[in-house]
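Observations on the model geometry
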Amino acid sequence: MQISPTNIFAPASTPADSVFSLSIFVILTVTGIFIVVCALLTYAAVKFRIRRSDDHSEPAQVYGSNQVELAWTVIPVLIVIALFLASARVIASVQDAPKPSSALEVIVIGHQYWWEYRYPKLNIVTANELHVPVSDPAHPTPTFMTLLSADTDHSFWVPRLAGKTDLIPNHPNSMWIEPHETGLFLGQCAQYCGTQHAKMLLRVYVQPRAEFDRWVQEQQQVSQSSASAGERVFQSTACVNCHTVAGTPAKGLFGPDLTHLMSRDTIASGAALNTHEKLRLWIQKPDALKPGSKMPAMGLSDRDLDAVTAYLETLR
Amino acid sequence: MSTNTIQLTEFPVSRPLTLRLHEWVTTVDHKRLGLLYILFALVFLMAGGIEATVMRLQLIRPHNDLVSPQAFNRMFTMHGTTMIFFVAMPLVFGFANYLVPLMIGARDMAFPRLNAFSFWMTALGGLFLYFSFLGGDGLYGGGGAPDVGWFAYAPLTTRTFSVGHSTDFWTLSLLVSGIGSVGTAINIVTTILCMRCPGMTLGKMPLLVWLNLTMGGLVVLAVSPLTAAQLMLLVDRYLGGHFFDAQAGGSAVIWMHFFWVFGHPEVYVLAIPAFAIASEIIPVFSRKAIFGYPVMVLATVAIGFISMSVWAHHMFTIGMTSGANTFFVLSTMAIAVPTGIKIFNWLATMWGGKIRFAAPMMFCTAFLFQFLVAGLTGVTLAAAPFDWQLGNSYYLVAHFHYVIVGAILFAIFGAFYYWFPKVTGKMYNESIAKMQFWLFFIGFHLTFDFMHIPGLLGMPRRIYTYEPGRGWDIWNVIVTIGVFFQAAGVLVLAANLLLSYFRGKAAGSDPWDAWTLEWSTSSPPPEYNFAVVPTVRSRRPLWDLKHPEDPDWRYE
């Protein structure tokens, strides 16, 4: 049974794998030190306790010993060198890994409090749910991510895939993953970014190649105008200032791209499931799901609210 | 010193309260200032403790809505800022102020007025911080207490993201108290270098004095960049500067460097005085001279120097080059060597002794154990790739609380009991002290042992709530339960100190049969400490007096 979907000791991707092996080495080493020193401390505390029958004389005064000092300097130095070399190797293997031409490129942009994903070569823009292909050892297809921030600092942390890397404004970063298991991998923002830092959740869908290709095709389609009542409300209110629906006049960039909203399992950066009720509530009263988020309450009448919700539900 | 003051000391009961308070407010006496620092810290410990309790109650179950996210974010910002700048630092300075002149046979600090000025600057800083609850809204209607986290990463502190004056109160608070800290640090260093009694060469200073000398030097080097950074932040916010304003081409990363170049030495600013306390208490309660005095001094100074070159291990996840990451792994791990040497020397001091487990020694033994664990989890965090997983998780939070509470606060609790008889002239109640020890020990381990686990399971810090089904729930319940034991422990400590102050048995000048100079004067020490300035020949002048047949100076 899985103890946690975000367990750092259950790696499913290459950088997380190499961190995991290093962590086992480090943990075994420090556990060894702990046992030895703890045993000495316990022995000293028990053995050299003052006895009831004590004669109140002072024990022999020992001021030090250079040999002993040398011993407990050299041994820790050797341990430190071993740990350092092991760490340096993993740093180099993760940070200096070359990018293969088969790699998928994604630009990740952190916003208060959601994630924007852009696939520049595939011409896809989406939000909060990242889709990547699983990597086959014979034909590796790692995903290389460029990390940017639109506002404050954030950090991309999906523990089973890789360690975290920060998204810092005016300071582009990069990281990569090479998942060898399919499935949904969870995580969340790991650098305090403001009021709703807690609900800036991460969802990464690692898919078999064919499934991923199908997802890409769907995302590349541009929706057709339905000229519905909901669409008219959407386009005549402030919705369009922040949201984009490709192929329509809605071209806002502050909020998530809604072109394929219905292809996502969640809304509000993972804070709620993408159901009719939650979606309606999110438009009507965002603070009910995520108090302090940047989505404003739109103050729509019940009729307009239903119409907009219905319109959004057509965005597949 | 006027005859007037002497008269007042002889008839303490008859003085009106206002006069006594006036004496405390205007005092330049190092002992009174030391006590003011400590009492100030205890008041703020209550505030910081309440903030921690609110956080732990909120986190006891997923999707809890006890407090709003805004309130929670203020709680962790205020908790961190309070505990570091207005609890730990004042406690450290308080003990240094009280003990250093007494232990080097001096009658006061080198600059008594600077000493008073520094304390009141710190007090003003504390006031600024807490005034934010009232004044933080400013004219904007946004704000309240600061909510940017205790290390206040840019650009969250720019006026774009932090409206109102909450960040300004945070900045002013650290700016003002920083000036106080540097003042006190210069005072401590000068006092130690210039005011030692005849015969006390550098090599004959008690270890506590050596360690506080290192601490003083570190404060001057570490707090200055922080003060500079606060000024730059003020320039950014009000004079159109762009040091940290990333939207206008400034650098968020520069703030990180400024903050952590203060922040990491700061850990040792707090830890070294805790080492100092252990280095006095462990020998006295083991009835043996400290093992390897010169090595202990060297290791301390080495820690001081190395601690200036490790700051970027707080920044392993910000995308430094592999070369920079590798360097900071090495420098950070290197500090484990002198730290390990200190642990081994304390163990060797206990080895072959006759250990008496009175409350101060119980706290110091727990300090040794917990500092060992904190150091080892520190090594796991120093391995940069492992830190990519552990950094900013609850594992990290557990690690640094192990350092600050498990090591530093435990040592300071030990110091409370060890020097209480000297400060008040009364003995504390030993069985109540032992009860406090066990309450706090159990509470500490419930909270901070189990806090590591959700971190390993992916729980990041600074989240006001979390999703169910992540395997974090049960651990958060246990962590919260521990808080109540710790709070009870602190209340028992306060009760013990108060009760003993009024009802305690007279302690005499040297209740522990100790060896350093503060025990040669009366309890409490008179103003000006020593009627005749003492002359010493070894590191343990009172051992020499008590054992004229076998004095230390023969071996040193």
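Keep in mind it's a predicted model, so treat the numbers as computed, not measured. (Residues numbered from 1 in each chain as written. Chains lettered and ligands numbered in written order. Predicted model: local features only at pLDDT ≥ 70, side-chain atom pairs only at ≥ 80, totals over all residues.)

**Considering the overall build of chain A**
Within chain A, the regular secondary structure consists of seven helices and 12 strands. Taking 2.2 N^0.38 as the reference for a compact globule, 316 residues should give roughly 20 Å; the C-alpha atoms of chain A span a radius of gyration of 27 Å, well beyond that estimate. With the C-alpha coordinates of chain A rotated into their principal frame, the extents come out at 95 × 50 × 40 Å. In chain A, once contacts between residues fewer than 6 apart in sequence are set aside, the share between residues at least 24 apart is 65%. (Helix = DSSP H or I, 4+ residues; strand = E, 2+ residues; numbered from the N terminus. Rg over C-alpha atoms; globule rule 2.2 N^0.38 Å. Contact = placed C-beta atoms within 7 Å.)

**Quick notes on the overall build of chain B**
When you go through chain B residue by residue, the secondary structure sums to 18 helices and zero strands. Its C-alpha atoms give chain B a radius of gyration of 23 Å, within 12% of the compact-globule value 24 Å for 556 residues. The dimensions of chain B, computed from C-alpha atoms along their principal axes, are 70 × 50 × 40 Å. The buried share among the 556 residues of chain B stands at 61%. Considering only contacts in chain B between residues 6 or more positions apart, those separated by 24 or more positions represent 80%. (Buried ≥ 20, exposed ≤ 12 C-beta atoms within 10 Å, placed from the backbone.)

**Observations regarding the interface of chain B and chain A**
Residue-level contacts link 74 residues of chain B with 77 residues of chain A. Where the side of chain B that touches chain A is concerned, the elements lending two or more residues are α4 (69-103), α8 (252-286), α9 (293-306), α10 (322-334), α11 (336-350), α12 (359-382) and α13 (384-390) of chain B. Considering each element in turn, the side of chain B that touches chain A owes the most residues, nine residues, to α11(B).

**Points about α11(B)**
All names here are of chain B. The end-to-end C-alpha distance of α11, which contains 15 residues, comes to 21 Å, matching closely the 21 Å that a straight helix rising 1.5 Å per residue would cover. In terms of residue burial, α11 counts as a mostly covered element, since 15 of its 15 residues are buried. At the exit of α11 stands Gly352, carrying a positive phi of roughly 80°. (Expected span 1.5 Å × (residues − 1).)

**Examining the nonpolar core**
Residues and elements named next belong to chain B. In this structure, Ala274, Phe367, Ala407, Ile408 and Ala411 are the most contacted members of the largest nonpolar core, which totals 268 residues. Per-element tally for this core: the top contributor is α8, with 24 residues. With near-sequence residues (within four places) excluded, Ala411 lies in contact with Ala274, Ile277, Ala278, Phe363, Cys364 and Phe367. (Core = buried A, V, L, I, M, F, W, Y, C linked by C-beta atoms within 7 Å.)

**Considering the sheet that holds strand β4 (residues 129-133) of chain A**
Residues and elements named next belong to chain A. Across the sheet, three strands lie side by side as β4-β10-β9; this open sheet has mixed pairing. The open sheet has two edge strands, β4 and β9 (183-188), and neither has a second partner. Looking at each pair of strands side by side, their axes are set apart by 25° on average, direction ignored. Direction of pairing for β4 relative to strand β10 (residues 201-207): parallel, over a ladder of five bridges. Its bridge partner being in β10, Glu129 is matched across the sheet by Arg203. Across the face of the sheet, helix α3 (residues 209-220) comes into contact with β4 and β10 while running at roughly 130° to β4. (Pairing = 2+ DSSP bridges. Axes fitted to C-alpha atoms, helices over the stretch in contact; angles between N-to-C directions.)

**Notes on the domain arrangement of chain A**
One can read the domain layout of chain A as domain 1 (8-45 + 66-97), domain 2 (104-220) and domain 3 (229-312). Taking only C-alpha atoms, the centre of domain 1 of chain A and the centre of domain 3 of chain A are 50 Å apart. (Domains from an automatic or database assignment.)

**What about the packing of α8(B) against α11(B)?**
Residue and element names in this part refer to chain B. One can describe the packing of α8 onto α11 by two numbers: an axis separation of 9 Å at closest approach and a directional angle of 20°. One element, α8, and the other, α11, form an angle in the roughly parallel class. For the element pair α8 and α11, the recorded crossing hand is left-handed. Contacts between α8 and α11 involve Phe275, Ala278, Ile282, Pro283 and Ser286 on the former and, on the latter, Lys342, Trp346, Thr349 and Met350. Tallied by class, the residues present in the contact of α8 with α11 amount to six nonpolar, two polar and one charged. (Parallel < 35°, antiparallel > 145°, perpendicular 65-115°, else oblique. Left-handed = near helix turned anticlockwise from the far one by under 90°. Nonpolar A, V, L, I, M, F, W, Y, C, P; charged D, E, K, R; others polar.)

**Some words on the environment of Val148(B)**
Residues and elements named next belong to chain B. Within the fold, Val148 resides in the loop between α5 (112-135) and α6 (166-194). Distance in space between the C-alpha atoms of Val148 and Leu42 is 25 Å, their sequence separation being 106 residues. Apart from the residues lying within four places of it in its own chain, the contact partners of Val148 are Thr77, Leu156, Thr157, Ser162, Thr167 and Trp170.

**Some remarks on the packing of α9(B) against α11(B)**
All names here are of chain B. Where α9 meets α11, the closest approach of the two axes is 9 Å, and the angle between their N-to-C directions is 150°. By the criterion of interaxial angle, the relationship of α9 to α11 is roughly antiparallel. Handedness of the α9/α11 crossing: left-handed. Counting all contacts with α9, which are made through Val295, Met296, Ala299, Ala302 and Ile303, the residues of α11 involved are Pro338, Thr339, Ile341, Lys342 and Asn345. Grouping the constituent residues of the contact of α9 with α11 by class yields seven nonpolar, two polar and one charged.

**Some points on the sheet that holds strand β1 (residues 104-111) of chain A**
Residues and elements named next belong to chain A. Overall, mixed pairing links the five strands, which are arranged β3-β2-β1-β5-β8 in an open sheet. Edge positions in the sheet fall to β3 (124-127) and β8 (173-177), since each of these pairs with one other strand and no more. Pairwise comparison of adjacent strand axes, ignoring direction, gives a mean angle of 25° for this sheet.

**Topic: the pairing of β4(A)**
Most of β4(A) sits out of view: five of its five residues are buried. Here β4(A) shows two buried faces, one formed by Glu129(A), His131(A) and Pro133(A) and the other by Leu130(A) and Val132(A).

**Considerations on the confidence of the model for chain B**
Residue and element names in this part refer to chain B. Confidence in the prediction of chain B, expressed as mean pLDDT, is 95, and 96% of residues score 70 or more. Contacts from residues 1-8, a stretch scored under 50 in pLDDT, to residues over four places away or in other chains number two contacts. In the model output, the complex is listed with pTM 0.96 alongside ipTM 0.96. (pLDDT = per-residue confidence, 0-100.)

**Overview of α4(B)**
Residue and element names in this part refer to chain B. Between its first and last C-alpha atoms α4 spans 49 Å; for 35 residues at 1.5 Å apiece the expected length is 51 Å, and the two agree. For α4, the principal kink sits at Met83 and spans about 35°. Counting buried residues in α4 gives 32 out of 35 residues, a clear majority hidden from the surface. Just downstream of α4 lies Gly105, where phi reads positive at about 70°. (Bend = angle between axes of the 7 residues up to and from the residue.)

**Concerning the environment of Arg232(A)**
Mapped onto the secondary structure, Arg232(A) falls in helix α4 (residues 229-236). Residues Arg232(A) and Tyr117(A), spaced 115 residues apart in sequence, show a C-alpha to C-alpha distance of 27 Å.

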